[in-house]
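Close look at the chain arrangement
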Amino acid sequence: MMDEQKQPEVNIDQPDEGAEINNSESLDSETRLDEQATGEATPTPEGETVTPQGEEPNIAPETHAVSSEQAQIIEALQLEVESLRQQLAEQGRQLETYKAQSLRIAADFDNFRKRTQKEKEEQEYHVKRNTITELLPVVDNFERARSQIKPATEAEMVIHKSYQSVYKNLVDGLKRIGVSAMRPEGQEFDPNFHEAMLRQPTEEYPEGAVMEQLVRGYLLHDRVLRHAMVKVAAAPEPPMVSEEEAPPEEGEGE
């Protein structure tokens, strides 16, 4: 009976494993609570740092450094953009200047071309004028011969036709280069085209009209090559009254 009532002996030197595990777990939980309360991260047994829940890592100094660097980059880019904008504006102004210069050069060249063309035409006209003026007396002689010579025989007719063919070729050549003869008979006298050599009273033509062309005038491209020498009609003179037909003066018959 005495043996059955003996209490079991407790081994104080060997702690219970389950109790040790429970104690370590309680210590870990207490450590975590302390970390959450203080906001500090503690390393885990594996070497990792545990951050308390609900809080972000404290990296403020690094964030400020990156922001400052980005600000410097943005400022540098803004300066470069402004510089490029100024260069673009300057190039735009230069382009407008070049456009204006090109327009002025084109206008000057066009004026130079027109002036040169006009000078060339004037030079050609003066050359033609001087050459044709020397040939006009020859034409006048052919016209006088045609109006004055009256061939009577067949041989004379052959000679007359031969030089008239030469005259015709000469006149056709002058027409091809722009020479035209004036026909002023019956027209009103115009000092720009005509030169009055005679004035003859007549009732057949109105006063100031051209009665006859004494020396033919010519035009070269609507410009006077030689004025026509003409005879101009004048007003008819009043009839002469004799003394017998004259009416008596007042007081003579009394």
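Before reading further, recall that the structure is shown in the block above.
Not measured: the values here are computed from a predicted model.

**A word on the environment of Val138**
Mapped onto the secondary structure, Val138 falls in helix α2 (residues 60-148). What makes Val138 partly exposed here is its relative accessible area of 35%. Sequence separation between Val138 and Tyr167 is 29 residues, and the spatial gap between their C-alpha atoms is 8.9 Å.

**Some thoughts on the packing of aromatic side chains**
Following the criterion strictly, the structure yields two aromatic pairs and no others. Seen in terms of ring centroids, Phe142 and Tyr163 are 6.4 Å apart; in terms of plane orientation they differ by 35°. Their pairing is tilted. A residue pair is termed long-range when its members are at least 10 positions apart, and Phe142 in helix α2 and Tyr163 in helix α3 (residues 154-176) qualify at 21 residues. Note on Tyr163: relative accessible area 18%, which makes it buried. Three or more aromatic residues joined by ring pairs form one cluster here, namely Phe142, Tyr163 and Tyr167. The ring of Tyr125 carries Arg223 above its face, with NZ or CZ at 4.0 Å from the centroid.

**What about the sheet that holds strand β4 (residues 194-201)?**
Pairing is mixed across the open sheet formed by three strands, whose spatial order is β4-β8-β5. Edge positions in the sheet fall to β4 and β5 (210-215), since each has one partner strand and no second. Sheet twist, expressed as the mean angle between neighbouring strand axes with direction ignored, is 30°. Summarising the sheet, β4 and strand β8 (residues 228-234) pair through seven bridges and their orientation is parallel. Following the sheet pairing, Ala196 is matched in β8 by Val230.

**With respect to a nonpolar patch on the surface**
Where nonpolar side chains cluster on the molecular surface, the patch consists of Met197, Leu198 and Leu214 and spans about 270 Å² of accessible area. Of note, Met197 is situated in strand β4. Residue Met197 is classed as partly exposed on the basis of its relative accessible area of 42%.

**A short note on α3**
The end-to-end C-alpha distance of α3 is 33 Å, a good match for the 33 Å that 23 residues give at a rise of 1.5 Å each. Count one or two residues on from α3 and you reach Gly178, which has phi positive near 100°.

**Focus: the side chain of Arg226**
As for its placement among the helices and strands, Arg226 is situated in strand β7 (residues 223-226). There is a polar contact of 2.6 Å between the side chain of Arg226 and the backbone oxygen of Arg216. Not counting chain neighbours up to four residues away, the residues in contact with Arg226 comprise Leu136, Asp140, Met182, Val215, Arg216, Gly217 and Tyr218.

Conventions and cut-offs
Residues numbered from 1 in each chain as written. Predicted model: local features only at pLDDT ≥ 70, side-chain atom pairs only at ≥ 80, totals over all residues. Heavy atoms only, no water. Helix = DSSP H or I, 4+ residues; strand = E, 2+ residues; numbered from the N terminus. Buried < 20%, exposed > 50% of the residue type's maximum accessible area, 1.4 Å probe, protein only. Phe/Tyr/Trp six-rings, centres within 6.5 Å; stacked < 30°, edge-to-face > 60°. Lys NZ or Arg CZ within 6 Å of the ring centre and 35° of its normal. Pairing = 2+ DSSP bridges. Axes fitted to C-alpha atoms, helices over the stretch in contact; angles between N-to-C directions. Patch = residues over 30% accessible without salt bridge, like charges linked within 9 Å, V, L, I, M, F, W, Y side chains within 5 Å. Areas by Shrake-Rupley, 256 points an atom, 1.4 Å probe, with all protein chains shown as cover. Salt bridge = Lys/Arg side-chain N within 4 Å of Asp/Glu carboxyl O. Expected span 1.5 Å × (residues − 1). Polar contact = N/O pair within 3.5 Å; in protein donor to acceptor, adjacent residues only side chain to side chain. Contact = heavy atoms within 4.5 Å.

Without other data, these values stay purely geometric and don't point to any function.
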